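Reading the structure
The residues making up each chain are set out below.
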Amino acid sequence: MAERLFQFRLHSIHHGPDRQSEDVVVEFLTDAGEWQSQELSLTMPGFRLYLISLLLCQHVYLVANARERGLPLQAVDADFKVTTSSDWILKRVEGDFRLRLDPAAADQERGRVDAEAMAHLQERMTLCPVSRNLPGGVHKRIDLRLLG
């Protein structure tokens, strides 16, 4: 049975002292091999909306927990792949999230980003309600790493 692969990428910017998500761009890899910016609308295919909600839920949990810990997050880049069976049943969800810290942040702030903090963020991302509602047989892998 053939599989279907859905690929997305995300980029977000987090400025200022509150580090809120100011600019979030989600793109989808079309069948023609082109990255297409996603503007959510009622005409978007429902399954794609579901997959985008899964990606955005992961991102929200990542950013919220980074803010809660006072981590000087500047940007997030992610590649997100979802594999289904030919009849659209989810099989695998794989996410690669890369964090960049604010280079202007104080050493004390940057020092908060250690292995324990990264493990905490990654573990908290698994608590995203959309992800938690995936069927038990779906292979889930979310990687989180620090750039620079």
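Everything that follows concerns the structure shown earlier in this document.
Now for a look at the structure at hand. All figures in this text were calculated on a predicted structure; none of them were measured in a lab. Sequence order as written defines the numbering, with residues in each chain counted from 1. Local features are withheld for residues below a pLDDT of 70 in this predicted model, meaning they are given only at 70 or higher, and side-chain atom pairs are given and counted only at 80 or more; totals for whole chains, interfaces and linings count all residues. Side-chain figures throughout are based on the complete set of non-hydrogen atoms in the structure, without hydrogens or water.

Topic: unusual backbone geometry
This is how the line gets drawn: Only DSSP runs of H or I with at least four residues qualify as helices, and only runs of E with at least two residues qualify as strands; both kinds are numbered from the N terminus onward. Per-residue accessibility, obtained with a 1.4 Å probe over protein chains only, is compared with the maximum for each type, and a residue is labelled buried under 20%, exposed over 50%, and partly exposed between these values.
Of note in this structure, Trp 88 is not a glycine but carries a positive phi near 75 degrees. Tracing the backbone through its elements, the reader meets Trp 88 in the loop between strand 4 (73-85) and strand 5 (90-101). A relative accessible area of 41% means that Trp 88 is categorised as partly exposed.

Description of the environment of Leu 51
Counted only if it meets this: Two residues qualify as a contact provided that any one of their heavy atoms is within 4.5 Å of a heavy atom in the partner residue.
Here Leu 51 is to be found in helix 1 (residues 46-68). Put simply, Leu 51 and Val 93 are 42 residues apart on the chain and 9.5 Å apart in space, counted from C-alpha to C-alpha. If near-sequence neighbours (up to four positions away) are discounted, Leu 51 is found in contact with Phe 6, Phe 8, Phe 80, Val 82 and Leu 90.

Describing the state of the cysteines
In plain terms, the rule: Disulfides are defined as pairs of cysteine sulfur atoms found within 2.5 Å of each other.
For the structure on display, the rule yields 1 disulfide. The disulfide bridge from Cys 57 ends at Cys 128, spanning 2.0 Å between sulfur atoms. Since a negative S-S torsion denotes a left-handed disulfide, the Cys 57-Cys 128 link at about 130 degrees is right-handed. One end of the pair, Cys 57, is in helix 1; the other, Cys 128, is in the loop between helix 3 (115-125) and helix 4 (129-132), and 71 residues separate them in sequence. You can call Cys 128 buried: its relative accessible area is 0%.

Digging into the sheet that holds strand 5
Selection rule: In this scheme, strands are said to pair when DSSP sees at least two bridges between them. Only the contacting stretch of a helix is used when fitting its axis, a line to C-alpha atoms as for every element, and angles between N-to-C directions run 0 to 180 degrees.
The strand order across the open sheet built from 6 strands is 3-2-1-4-5-6, with neighbouring strands paired in mixed fashion. Either end of the sheet is taken by a strand with one partner, and the two such strands are strand 3 (35-37) and strand 6 (139-147). For this sheet the average axis-to-axis angle between neighbouring strands, irrespective of direction, equals 20 degrees. Here strand 1 (residues 3-13) pairs with strand 2 (residues 23-29) via 6 bridges, running antiparallel. Bridge pairing in strand 2 places Phe 8 opposite Phe 28. Where helix 3 meets the sheet, its contacts fall on strand 5 and strand 6, and the angle it forms with strand 6 comes to roughly 150 degrees.

Focus on the packing of aromatic side chains
Formally: Between the rings of Phe, Tyr and Trp (Trp by its six-membered ring), a pair exists once the centres lie within 6.5 Å; its type follows the angle of the planes, with under 30 degrees stacked, over 60 edge-to-face, and the other angles tilted.
This model, assessed by the stated rule, comprises 5 aromatic pairs. Both rings, one in Phe 8 and one in Phe 28, keep their centres 5.2 Å apart while their planes meet at 45 degrees; by these two values the pair is tilted. Of this pair, Phe 8 sits in strand 1 while Phe 28 sits in strand 2, placing them 20 residues apart in sequence. The two residues Phe 8 and Phe 28 agree in class, both being buried. The interplanar angle of 80 degrees and the centroid separation of 5.4 Å between the aromatic rings of Phe 47 and Trp 88 together place this pair among those described as edge-to-face.

The quantities given are spatial measurements derived from coordinates; they are silent on function.
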